Amino acid sequence: MSINSLLATWTGKSAYWFLHTFRGGGSSLPGKLALKLDPAILKHLARNYEVIVITGTNGKTLTTALTVKVLREQYPDILTNPTGSNMKQGIVTTFLTAPKAHQKPLAVLEVDEANVIMVTKYITPKAFVFTNIFRDQMDRYGEIYTTYQKILDGVALAPDATIIANGDLPLFNSKKLPNPILYYGFDYQAAGDEHAPANTDGLLCPNCQHILHYRSRTYSNMGDYFCPHCGFERPQLTYKLNALTEMTPTSSDFEINGQALHLNIGGQYNIYNALAAFAVGRFMDVRPAKIAHALSDNDEQVFGRQEIFHVGDKDVTLILVKNPVGLNQVLQMISTDERPFSFAALLNANYADGIDTSWIWDGDFEKLPELNIPAFISGGERYRDITFRLKVAGVSEDQLTVIPDLTNMTAAIQNLPTKQVYVVATYTAMLQLRKQLASQGIIDGGMA
Amino acid sequence: MTYTLNAAHLYGDLMNTYGDIGNILAMRYYAKAVDATINVDLVSLDDEFDPDTYDFALFGGGQDYEQTIVSKDLQTKKAALTAYIEAGGPCLAICGGFQMLGHYYIGANGEKIAGIGALDHYTLSQDNHRFIGNITIKNAETGQTYYGFENHNGTTFLGKGERPLGEVLQGNGNNGQDKSEGVIYKNTFGSYFHGPILARNEALAKRILKLALQRKYPDADFSALDELHEDLTKNVVIKP
């Protein structure tokens, strides 16, 4: 251990103690300070850990939370980073502030796609989990192929680590890699022959550049894909969802490799997250029955990017959206709600939201009129864009309330005709709404 | 519906990166006001483009990889697309689609990728730099202002018979040098605007829609479109 890393560790820990004690926060500054003193501090801090890195554009946070739950069934010492702290500084802070660990503790880290290499420069993970790669804030990171390449640049420094990847995504089968790879995916539907909808990304066969076909499809460009032209197809799955019994907005029942599972979170996309957690659990020798116990455990509700609160007599579910695939999955999830509900969409275009709002046109808002929704709200700083989007999708003016200023949201929610309300919001719109709700004592003031 | 337009969404399964489909959705929305409907065909790899079938063509932008594949297939449609454009067929080409109607553009690895030269522009690339951000332009013949979002590495230079869609008021435009943004050639419109452009610019959406309707139904009266105005603040409870 060098003097530098000792000094860096001490500085980071002191900064955290100070911030935590006097400011009630401190998620990236301690890491930042420690990194200034010793850029290789991670090597020192993580030296005793077995590390599992979870990356991809969508579902990282929930997959990480579920994986930690699953592994805790068997491993008492697990370190993980809090939501949003998935870049270098946040990860360093996570290790700096870890409680004293025993022999060989585990660390399950959510890592931003472009930051995988920042981690693998100093840590050799035991495994990587690739959730998916969808179009996400392209004004920052570019295309799905460049995003995948960024991840692979990081993985290249750990060629022996096992990759646990979503087998339903063609991109994850497009490059020959030295690493051992285990795939998970959906395998419960009868085989047919279909195309993905035209307005979908990543439909080209990586081998011969023809449009892929699907024996069955889940959503976006995911499913049991094959290329009739060259024979490229989905790889053999090690972890298969072999039955899908029931889906509601708040739960799913399904089987993986014959093990019945109940998940207290709705949405098909969360079943993928559970599949990933199951796969990591099995990879780490957690018994299927124990995994089932962990996933159905309701003590510590894991919502990921959604949150439930009450405004007057309304039950409001607030869901973060940031790209078309995520949005479409939310629409799919709420369509399983049999109760009457109202729908609000809040759009901002600040840096953290993605400054290009074009993606709302790739979202399948056209589904909304089929759901018999009696009332809609459109709002946020880009209320004009989202209002027009809803109108074009077929929402009639009589059903629509426009709320440019989110401080009026609670009043608008109280005026809605249904008890159930779904609010989808981009990141800063969500923060503004939460701030408003906190100031009215409806929710706690902390960050989501 | 009294009137029907047939639209070709060129490579809609590959060139669909920035909400390009929104251009057709917006046109269809305004078309309802004059009792018109728009049918959309996907015209993609190995498909034929029949210039006599279509009243409107949308050619969106794609990812670098998809665009190189499209560039090859596009050569098989070169004659048909050129004939359509020359005959005054209304067309909207965005970003990569705009580039590929011209002679060539420079790909991600510095390679020259062929367009079809239906329009006389060409596109170079910037070294490790993109024009990213909000953009505002003014269209010369109508005085209309158009708003959008640009995100492109390519720098496009217009050629013979081409005039810009607008003069850049804010942002970078075609090349960051000559204040031009996009192109108009006959009834073909090109632009770097995401937004998508017709969803954010009612006047332009109606202008192109009217062109297409008038071309197919020369004796019909579509002036009702001019009186239409989309009021997005109508349902605001408390005005901003």
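Residues numbered from 1 in each chain as written. Chains lettered and ligands numbered in written order. Predicted model: local features only at pLDDT ≥ 70, side-chain atom pairs only at ≥ 80, totals over all residues. Heavy atoms only, no water.

> Summarise the overall build of chain B; cite the residues concerned and give the values.
A count of helices and strands for chain B gives seven helices and 14 strands. Computed over C-alpha atoms, the radius of gyration of chain B comes to 17 Å, within 12% of the 18 Å expected from 2.2 N^0.38 for 240 residues, which places it in the range of a compact globule. The principal-axis extents of the C-alpha atoms in chain B amount to approximately 50 × 45 × 30 Å. The contacts in chain B between residues at least 6 apart in sequence include a share of 68% that link residues at least 24 apart. As displayed, chain B has an accessible area near 9200 Å², and 48% of this comes from carbon and sulfur atoms. (Helix = DSSP H or I, 4+ residues; strand = E, 2+ residues; numbered from the N terminus. Rg over C-alpha atoms; globule rule 2.2 N^0.38 Å. Contact = heavy atoms within 4.5 Å. Areas by Shrake-Rupley, 256 points an atom, 1.4 Å probe, with all protein chains shown as cover.)

> Lay out the interface of chain A and chain B with the relevant residues and their values.
Many structure descriptions define interface size as the accessible area lost when the parts assemble. Facing the 41 residues of chain A at the interface are 41 residues of chain B. When chain A packs against chain B, the two sides together hide about 3500 Å² of surface, and 58% of this comes from carbon and sulfur. Where chain A meets chain B, there are three salt bridges. Between Lys391(A) and Glu230(B) there is a salt bridge whose closest N-O contact spans 2.6 Å. Where the side of chain A that touches chain B is concerned, the elements lending two or more residues are helix H7 (138-141), helix H8 (144-155), helix H12 (383-393) and strand S16 (400-403) of chain A. In terms of residue count, the dominant contributor to the side of chain A that touches chain B is H12(A) (eight residues). Counted by class, the side of chain A that touches chain B contains 18 nonpolar, 10 polar and 13 charged residues. (Buried area = accessible area lost by both parts, 1.4 Å probe. Salt bridge = Lys/Arg side-chain N within 4 Å of Asp/Glu carboxyl O. Nonpolar A, V, L, I, M, F, W, Y, C, P; charged D, E, K, R; others polar.)

> Run through the pairing of strand S8 (residues 131-138) of chain B, naming residues and quoting values.
Residue and element names in this part refer to chain B. Examined bridge by bridge, S8 and strand S9 (residues 145-152) share eight bridges and lie antiparallel to one another. What sits directly across from Thr-136, in S9, is Tyr-147. Where S8 folds back onto S9 in an antiparallel hairpin, the turn is made up of six residues, including Gly-143, whose phi is positive at roughly 75°. (Pairing = 2+ DSSP bridges.)

> Kindly report on unusual backbone geometry, identifying the contributing residues and their values.
Residue and element names in this part refer to chain B. The residue after Gly-195, namely Pro-196, is reached through a cis peptide bond having omega -15°. With a phi close to 65°, Asp-46 is a non-glycine residue in the positive phi region. Its place among the elements puts Asp-46 in the loop between strand S2 (36-43) and strand S3 (56-59). Take Asp-46: its relative accessible area is 61%, and that puts it in the exposed class. (Buried < 20%, exposed > 50% of the residue type's maximum accessible area, 1.4 Å probe, protein only.)

> Quick rundown of the UniProt feature "domain: CobB/CobQ-like glutamine amidotransferase" (unreviewed entry) in chain B? Include the residues and the values.
Those residues carrying the UniProt feature "domain: CobB/CobQ-like glutamine amidotransferase" (unreviewed entry) are residues 8-201 of chain B in this numbering. The span residues 8-201 of chain B carries 21% helix and 32% strand; its end-to-end C-alpha distance comes to 21 Å. (UniProt positions renumbered as here; feature names shortened; annotations may be inferred.)

> Give a description of the side chain of Ser180(B) that names residues and reports values.
All names here are of chain B. Inspection of the secondary structure puts Ser-180 in strand S12 (residues 180-181). Reaching out from Ser-180, the side chain makes a polar contact with the side chain of Asp-178 at a distance of 2.7 Å. Filtering out sequence-adjacent residues up to four positions away, Ser-180 remains in contact with Leu-158, Pro-164, Gly-166, Val-168, Asn-172, Gly-173, Asn-174 and Asn-175. (Polar contact = N/O pair within 3.5 Å; in protein donor to acceptor, adjacent residues only side chain to side chain.)

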